[in-house]
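Descriptive structure summary
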Amino acid sequence: MADDKVYLKLQRITIRPFQDQDVADFFEYRSDPVANILQGYTPFNAIEQARDYINEQKKHSFGPAGQWIQLGIAENASDKIIGDIGMRPLDYDPRMVEIGFTVAAPFRGKGYAKEALAGLFSWLFGEKRIHRVMAITDTENHATICLLEGLGMRQEGKTLKSFWNNGAWRDEYLYALLSEEWISAN
Ligand SMILES: CC(C)(COP(=O)(O)OP(=O)(O)OC[C@H]1O[C@@H](n2cnc3c(N)ncnc32)[C@H](O)[C@@H]1OP(=O)(O)O)[C@@H](O)C(=O)NCCC(=O)NCCS
């Protein structure tokens, strides 16, 4: 069973497990058919999907190889969920972690993703002794590219037509950051 502890308390936001009271906020941005189109998941069309997803996540905690955990990003002032972060220790070596993230459209451009990921990197590379963090993004996802490069992630490669999304094959970039790179820069 997942614990319900706060993973990270940051200046303006908290990264914490989803709770029952988050269903409506989670459903609102996960059902948006346009805002997250480059992520490639099918938008929710019923609130029960958000409830089921949150209930499933309650069974997860950070650590098991190959398992994604999805945590909410909550505004400290309101405890409202404004986005989420996914993390998955790789199945063949859990000292390496893949991440994904979303900020709800009305909350973008305020530095929330940057604050969340910077906090997460310090926790992963510090407390959790993770060796390498990676992220994969659509080559046309300019907001994500800016975010990742601004945090010091290196573009390590481009894969051609490697992701099927909305009826077309899409190209992707692989980004990565090593523990020593983060620690020496921060
Ligand atoms: C990518 C995303 C998480 C960024 O969230 P955000 O909270 O708006 O990002 P921030 O405000 O922290 O901005 C971080 C940096 O990216 C830049 N940035 C943000 N959106 C941008 C955009 N649309 N175009 C260009 N730069 C952008 C900011 O200027 C900032 O740059 P700085 O470090 O020089 O100040 C958000 O746009 C999103 O959820 N997109 C849809 C989901 C998605 O594609 N997720 C990634 C899947 S791999």
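Please refer to the structure higher up on the page.
None of the values given here were measured: they were computed from a predicted structure.

1. A look at the nonpolar core
- In this structure, Ile15, Ile73, Ile85, Ala116 and Phe121 are the most contacted members of the largest nonpolar core, which totals 41 residues.
- By residue number, the principal contributor to this core is helix H3 (residues 112-125), which donates eight residues.
- With residues up to four places along the chain from it excluded, the contact list for Ile85 reads Ile15, Leu71, Ile73, Ile99, Phe101, Ala116 and Leu120.

2. Things to note about unusual backbone geometry
- For Arg129, which is not glycine, the phi dihedral falls at a positive 55°.
- Checked against the element boundaries, Arg129 lands in the loop between H3 and strand S6 (132-138).
- Overall, the presence of 9 C-beta atoms within 10 Å leaves Arg129 in the exposed class.
- A positive phi is found at Lys161, a non-glycine position, where the angle reads about 45°.

3. With respect to the site of the ligand
- Taken together, 23 residues surround the ligand, and among them Arg108, Ala113, Lys114, Ala143 and Gly150 come closest.
- Listing elements by their share of the shell around the ligand, those giving two or more residues are strand S5 (93-103), H3, S6 and helix H4 (142-150).
- In terms of residue class, the shell around the ligand is built from nine nonpolar, 11 polar and three charged.

4. Focus on the sheet that holds strand S1 (residues 8-9)
- Spatially, the eight strands line up as an open sheet ordered S1-S2-S3-S4-S5-S6-S8-S7, and their pairing is mixed. Both outer strands of the open sheet, S1 and strand S7 (154-165), are each paired with one neighbouring strand and no more.

5. Observations concerning the environment of Trp182
- Mapped onto the elements of the fold, Trp182 is located in helix H5 (residues 179-185).
- Residues Trp182 and Phe18, 164 residues apart in the sequence, show an inter-C-alpha distance of 28 Å.
- Setting aside its immediate chain neighbours within four residues, Trp182 contacts Phe121, Phe125, Gly152 and Leu177.

Reading guide: rules and limits
Residues numbered from 1 in each chain as written. Predicted model: local features only at pLDDT ≥ 70, side-chain atom pairs only at ≥ 80, totals over all residues. Core = buried A, V, L, I, M, F, W, Y, C linked by C-beta atoms within 7 Å. Buried ≥ 20, exposed ≤ 12 C-beta atoms within 10 Å, placed from the backbone. Helix = DSSP H or I, 4+ residues; strand = E, 2+ residues; numbered from the N terminus. Contact = placed C-beta atoms within 7 Å. Near = placed C-beta within 6 Å. Nonpolar A, V, L, I, M, F, W, Y, C, P; charged D, E, K, R; others polar. Pairing = 2+ DSSP bridges.

By themselves, these observations are geometric and do not establish any function.
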